[in-house]
Amino acid sequence: MAFNHLPACVHDALTPLSVTPVTHSVPMAKNHRSDRPVPDPASRPSPAAVLGGLASGPSRAARITHTEHLPPRAGRHAVWPDRIRAEVIAAVRECGIEHPWAHQALAAEHALDGDSVVVATGTASGKSLAYLVPVLSTLLEGSKAPNGRGATALYLSPTKALAADQCRSVKELSQPLGTAVRPAVYDGDTPYEEREWVRQYANYVLTNPDMLHRGILPSHPRWSSFLKSLKYVVIDECHTYRGVFGSHVAQVLRRLRRVCARYGSSPVFLLASATAAEPAVAARRLTGLPVVEVADDASPRGELVFALWEPPLTELHGEKGAPVRRTATAETADLLTDLTVRGVRSVAFVRSRRGAELISVIAQEKLAEVDRSLVHRVAAYRGGYLPEERRALERALHSGELLGLAATTALELGVDVSGLDAVVICGYPGTRASLWQQAGRAGRSGQGALAVLVARDDPLDTFLVHHPEALFDRPVESTVLDPDNPYVLAPHLCAAAAELPLTEEDLELFGPACADVLPQLEAAKLLRRRTRAWHWTRRERAADLTDIRGGGGRPVQIVEEGTGRLLGTVDEAAAHSAVHEGAVHLHQGRTYLVRSLDLADSVALVEQADPPYSTVARDTTAISVLETDTEIPWGAGRLCYGSVEVTNQVVSFLRRRLLTGEVLGETKLDLPPRTLRTRAVWWTVTEDQLDEARISPEILGGSLHAAEHASIGMLPLFATCDRWDIGGVSVPLHPDTLLPTVFVYDGHPGGAGFAERAFHTARAWLTATREAIASCECDAGCPSCIQSPKCGNGNDPLHKRGAVRLLTTLLREAPDPPEEGAGAGTEAASA
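Predicted model, so just to flag it, every value in this text is computed and none were measured.

Glancing now at the overall build of the protein. Helix and strand counts for the protein stand at 26 helices and 32 strands. For the protein, with 831 residues in total, the buried portion stands at 59%.

Let us look at the nonpolar core. Counting residues in hydrophobic clusters, the biggest one holds 86 residues, and the most contacted among them are Phe306, Trp634, Trp683, Leu715, Leu717 and Trp765. No other element matches helix 23 (residues 697–714), which puts eight residues into this core. Beyond its immediate chain neighbours, meaning those up to four positions away, Trp683 contacts Arg638, Leu639, Leu704, Ala707, Pro740, Thr741, Val742, Leu766, Leu806, Leu807 and Leu810. Judged by nonpolar contacts, the second largest core, of 39 residues, contains Ala153, Val170, Tyr204 and Val268.

The seven strands lie next to each other as 6-7-5-8-9-4-10, forming an open sheet whose pairing is parallel. Since the sheet does not close on itself, it has two edges, and those belong to strand 6 (183–185) and strand 10 (292–294), each with one partner. Taken pair by pair, the neighbouring strands of this sheet meet at an average axis angle of 15°, ignoring direction. Here strand 6 pairs with strand 7 (residues 204–207) via three bridges, running parallel. Bridge pairing in strand 7 places Ala184 opposite Val205. Lying on the sheet, helix 4 (residues 102–112) is in contact with strand 4 (117–120), strand 8 (230–235), strand 9 (268–273) and strand 10; it crosses strand 10 at an angle near 165°. Its contacts with the sheet place helix 6 (residues 160–174) against strand 5 (152–156), strand 6 and strand 7, and it is angled at close to 165° to strand 6.

A few words now on the packing of aromatic side chains. Under the counting rule described, the total for this entry stands at eleven aromatic pairs. The interplanar angle of 85° and the centroid separation of 5.6 Å between the aromatic rings of Trp223 and Phe226 together place this pair among those described as edge-to-face. Looking at Phe226, the relative accessible area reads 1%, which means it is buried. Measuring from ring centre to ring centre gives 5.5 Å for Trp682 and Phe743, while their planes differ by 35°; the resulting arrangement is tilted. Highlighted residues: Trp682 in strand 30 (residues 674–684) and Phe743 in strand 32 (residues 741–746), separated in sequence by 61 residues. Classification of Phe743 by relative accessible area gives buried; the value is 0%. Sitting over the ring of Tyr192, Arg195 keeps its end group 4.2 Å from the ring centre.

Turning next to the side chain of Ser652. Checked against the element boundaries, Ser652 lands in strand 28 (residues 637–657). Overall, the relative accessible area of 0% leaves Ser652 in the buried class. Of note is the side chain of Ser652, whose polar atom sits 2.6 Å from the side chain of Glu666. In this view, Ser652 contacts Val616, Ala617, Arg618, Glu666, Thr667, Lys668 and Leu669; residues no more than four positions away in its chain are not counted.

The end-to-end C-alpha separation of helix 10 (residues 243–262) is 29 Å, in line with the 28 Å expected for 20 residues at 1.5 Å each. Counting buried residues in helix 10 gives 17 out of 20 residues, a clear majority hidden from the surface. Among the residues trailing helix 10, Gly264 stands out with phi positive, at a value near 85°.

Reading the values: rules and limits
- Residues numbered from 1 in each chain as written.
- Predicted model: local features only at pLDDT ≥ 70, side-chain atom pairs only at ≥ 80, totals over all residues.
- Heavy atoms only, no water.
- Helix = DSSP H or I, 4+ residues; strand = E, 2+ residues; numbered from the N terminus.
- Buried < 20%, exposed > 50% of the residue type's maximum accessible area, 1.4 Å probe, protein only.
- Core = buried A, V, L, I, M, F, W, Y, C linked by side-chain atoms within 4.5 Å.
- Contact = heavy atoms within 4.5 Å.
- Pairing = 2+ DSSP bridges.
- Axes fitted to C-alpha atoms, helices over the stretch in contact; angles between N-to-C directions.
- Phe/Tyr/Trp six-rings, centres within 6.5 Å; stacked < 30°, edge-to-face > 60°.
- Lys NZ or Arg CZ within 6 Å of the ring centre and 35° of its normal.
- Polar contact = N/O pair within 3.5 Å; in protein donor to acceptor, adjacent residues only side chain to side chain.
- Expected span 1.5 Å × (residues − 1).

Keep in mind these numbers describe shape, not what the thing actually does.
Pasting the structure below:
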């Protein structure tokens, strides 16, 4: 395999709203778990009453496709292990927590026993306390040692904001312990004058995987005292480490374990996650260590009413005359307005920063028509705000000064905002884990809560609001990651060799793929073997070979044309579709238009603008099979999994009206093609199967194309991915298979585990795809079933009925699912 996707040095070798203002006098009560005042749950309207109010407007009731009622649950207490120091238990009691929940005590027991453990319980179940108590007790114990620094602990979070939140919580909790616990944040925002103090004196360092990869590990001699005494590594929100990013983090953690061993330490890993299927399996794959699972949630929970909401069809028409639904953004803004008028404290989650700002602005405009005093009780919350701005918004929401907040996932992870009554989720967030994480933001004080999922106009959202069992009768997903991906492994082997010479004994730690990757790194003159070890041969930093959140390669700088100010960067692989000429680019709440993209110098010049549209790039794709790893018969056809080479070219972009999604026009682009070696799942059909399905040559291409689009839209239900993480190609006669073939591939070099997951769940995945197409109320295909927003062929040809018949025939002969682990080793549970 050629590493042609690593950096250059690796190559070288918006319906008016009818509402009645309702106000509630909300007395305050003490939270049983803290001294902070929260509204008395008994004074609030029930979740069912709130939902009834939302459904009382014109045609509103018909938009609710399903309502799920989750009953309240009582909590189960336990006692802290007797090995926890009395000072720590006293500090916890000062915070209003008399007794731990049973799962907190159990997790602490495992940590003290030296077992790596994952706490996989629901939102607001106290996971942080489960790991903080044993960590603080150990740090306090270490501070009593007569010599040396004492014990240390490292905390890793996926975002800087979460690390900052956790640092404040640790400081509050450990204040009675004096200077025995010295927490500090160490990330890219830490001033250089503070960094030396952190290295020398902090014993609880909070950082992120990026800083560990680029800053701490390459400079490990300067961290030797800290690493020598490292007892615990806390990995918060570990379910976020999935796909390629998760695979990179897995290798960073292996490098950390190796460097720790060099200094004589073997830290215990404490992981926290939203409830996950087989959390111990995912945690083991992430850390490379045996991990004990604590998943029996003993915390109390109020009643939750969860409604699925489908926006109505409009009179507008999209591509090929397809009907267009009202956008989820406009519908969510209406619901947030209604909830605010009714005095219901709410958060609306939306994926994009611009979406959060847009929902906030629309809601404020609608509130001005009802009661101008309510306008300033709705705001937006997203990444890019200053920390003090975020804290002010959190305090205003908690106090009741703010009633509504339109937020990105910046508010999803870990931020402690209690007292919410309702959550509106603008579009399926991609995974059931994230869905429950967002829904769990409401009802955190034990009161009842309402959650509403507003469907976007795409196959997956449409399927889910009409198939509630897919959300409520299935566990959350397993985390898909593949640390053995050679495109991930290679730069980390180089980084490890630069940190300490890489020996034969180290290879077991990094996985079996080392045997194939190391000779290629030697041939590329990146590593050189001397006696028993491999050494890094270059002057440049090996840690700079890869961006663990990106696809590698030289990042494209985004520069403001008038001022020369650097706004940020975008991954090389994403530049063609993200910052092409004419693209709308968002940065910290401001909108820019890309004026030019210079690929040679990796610079995109932008200017500030306020266009009334968004842009979506379109591309064309060709694919060739490099190697078939495994295949099984599907009647006369075949289901296959293996390596492919994808040639992709961005050819145009669409301009879509922000509120309606209406296509305003298409502009051609002239960009060079790109190649990608990755992993794919594909299926073939024979002439006999086409005859049985009544697929004539005239509709074959449209039938395959429609099935491809819908299957890509449905895969995120079965693999922890976004439809933008994957791609597809359908060919009436593919030169490598000599049959009509549909491919779905990972959009990352070397693969990300998504195509393999598709292979292992193919029957369930394609059955759901067929149901999504067949149950859609359109006649010839629409964005809710077979049209794709990124189709380079303008969604032509597409044949809805042909796709249904084709998939029906294929599934009639579907075998039992192949056994997990038959491919590249990704561990995942059945969807």
